[in-house]
Amino acid sequence: MTSDDGQKVLMAKIGAAHGIRGEVRVKPFGDDPLSFADYGVLTSKDGVTSFEVERARVQKTVVVTKFRNVNNRNQAEDLNGVELYVRRDQLPEPEEDEFYYSDLNGLSVLDRDGNDLGKIIAVQDFGAGDLLEIRPTRGRTFYIPFTKDFVPEVSLSRGQVTAHLPEDYFSDDSSDSSETASPDK
């Protein structure tokens, strides 16, 4: 397997240094915050730099991590912002109705009538659940919730997902918001 970006999966991102002994704060991407340490050697996006986890512990919303050969605060500070990847073939196959975000990127999005809505360019989570970011052929990107109600079918083999959007999903009608309540006098 080659090491191009399509065959890598983003596992975590290194943040600020933690202490003076080379530890860093790591923001993991996944259900288990320590899982990024389970798949062996991690690499930077370009594949040039490798990282091997010596130890990791969960601390609030981050994982305080010590990487091999990072032994002081200066070395740790140099890693701030580095994204950590593994090769796709290092990961277990997902369960039914589970997907790696990287497997969804680039899939075509069709509405219930088979019309092309665009392509998935990212999966985002701003705190209220996963959203598929869709780039249409023309116009701005838009988001749809990645739920069974909105996306009832995902076919990796066909390279497409089916989206069931309400009829007024793209409506800019704000007539409901113009009605305001006033307190009784």
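The coordinates are above.
On a predicted model such as this, the values are computed, not experimentally measured, just so you know.

What counts as what
Residue numbers run consecutively from 1 along every chain, following the written order of its sequence. The predicted nature of this model means local features are confined to residues of pLDDT at least 70 and side-chain atom pairs, given and counted, to a pLDDT of 80 or more, with totals for whole chains, interfaces and linings taken over all residues. Note: side-chain values were computed over all heavy atoms of the structure, leaving out hydrogens and water. Think of a salt bridge as a Lys or Arg side-chain nitrogen and an Asp or Glu carboxyl oxygen that are within 4 Å of each other. Where helices and strands are cited, they refer to DSSP runs of H or I of at least four residues and of E of at least two residues respectively, numbered from the N terminus. Exposed residues in this analysis have more than 50% of their type's maximum accessible area, buried residues have under 20%, and partly exposed residues fall in between, with area computed by a 1.4 Å probe over protein chains only. When DSSP finds two or more bridges between two strands, those strands count as paired. Here a polar contact is taken to be a pair of N or O atoms separated by no more than 3.5 Å, where protein atoms must pair a possible hydrogen donor with a possible acceptor and residues adjacent in sequence count only if both atoms sit in side chains.

Q: Could you give an account of the pattern of salt bridges, naming the residues involved and the relevant values?
A: Across all of its chains, the model carries 10 salt bridges by this definition. The salt bridge partner of glutamate 77 is arginine 73, with a shortest N-O separation of 3.0 Å. Of this pair, glutamate 77 and arginine 73 both sit in helix α1 (residues 73-77), 4 residues apart, which is roughly one turn of the helix. On the basis of relative accessible area, arginine 73 is assigned to the partly exposed category, the value being 34%. A salt bridge links arginine 158 to glutamate 153; its shortest N-O distance comes to 2.4 Å. Salt bridges sharing common partners tie together Glu23, Arg55 and Arg57.

Q: Lay out the pairing of strand β13 (residues 160-163) with the relevant residues and their values.
A: With burial as the criterion, each face of β13 is covered, one bearing Gln160 and Thr162 and the other bearing Val161 and Ala163. Inspection of the sheet shows strand β8 (residues 108-111) paired to β13 by 4 bridges, in the parallel sense. Bridge assignment links aspartate 111 to a residue of β13, and that residue is alanine 163. In terms of strand pairing, strand β12 (residues 153-155) meets β13 through 3 bridges, oriented antiparallel. Bridging across to β13, valine 154 finds its partner in valine 161. Between β12 and β13, which pair antiparallel one after the other, the connecting turn spans 4 residues, and glycine 159 there sits at a positive phi close to 70°.

Q: Help me get a handle on unusual backbone geometry, residues and values and all.
A: Positive phi values are uncommon outside glycine, yet asparagine 69 reaches one of about 70°. Inspection of the secondary structure puts asparagine 69 in the loop between β6 (62-67) and α1. Residue classification places asparagine 69 among the exposed positions, given a relative accessible area of 59%. Non-glycine residue aspartate 97 carries a positive phi angle of around 65°. In this structure, aspartate 97 sits in the loop between β7 (83-87) and α2 (101-104).

Q: Describe the pairing of β6, with residues and values.
A: Taking burial as the measure, the 6 residues of β6 include 5 buried ones, the bulk of the element. For strand β2 (residues 23-28) and β6, the ladder comprises 4 bridges, and the chain directions are antiparallel. Bridge pairing in β6 links glutamate 23 to lysine 66. In this structure, strand β5 (residues 53-59) lies alongside β6, joined through 6 bridges in antiparallel fashion. Within β6, the residue paired with arginine 55 across the bridge is lysine 66. The antiparallel pairing of β5 with β6 creates a hairpin that spans 2 residues between the two strands, and lysine 60 there sits at a positive phi of about 60°.

Q: Could you give an account of the side chain of serine 35, naming the residues involved and the relevant values?
A: Mapped onto the elements, serine 35 comes out in the loop between β2 and β3 (42-43). At a separation of 2.9 Å, a polar atom in the side chain of serine 35 contacts the main-chain carbonyl oxygen of aspartate 32.

Note that all results are geometric; they support no functional claim without further evidence.
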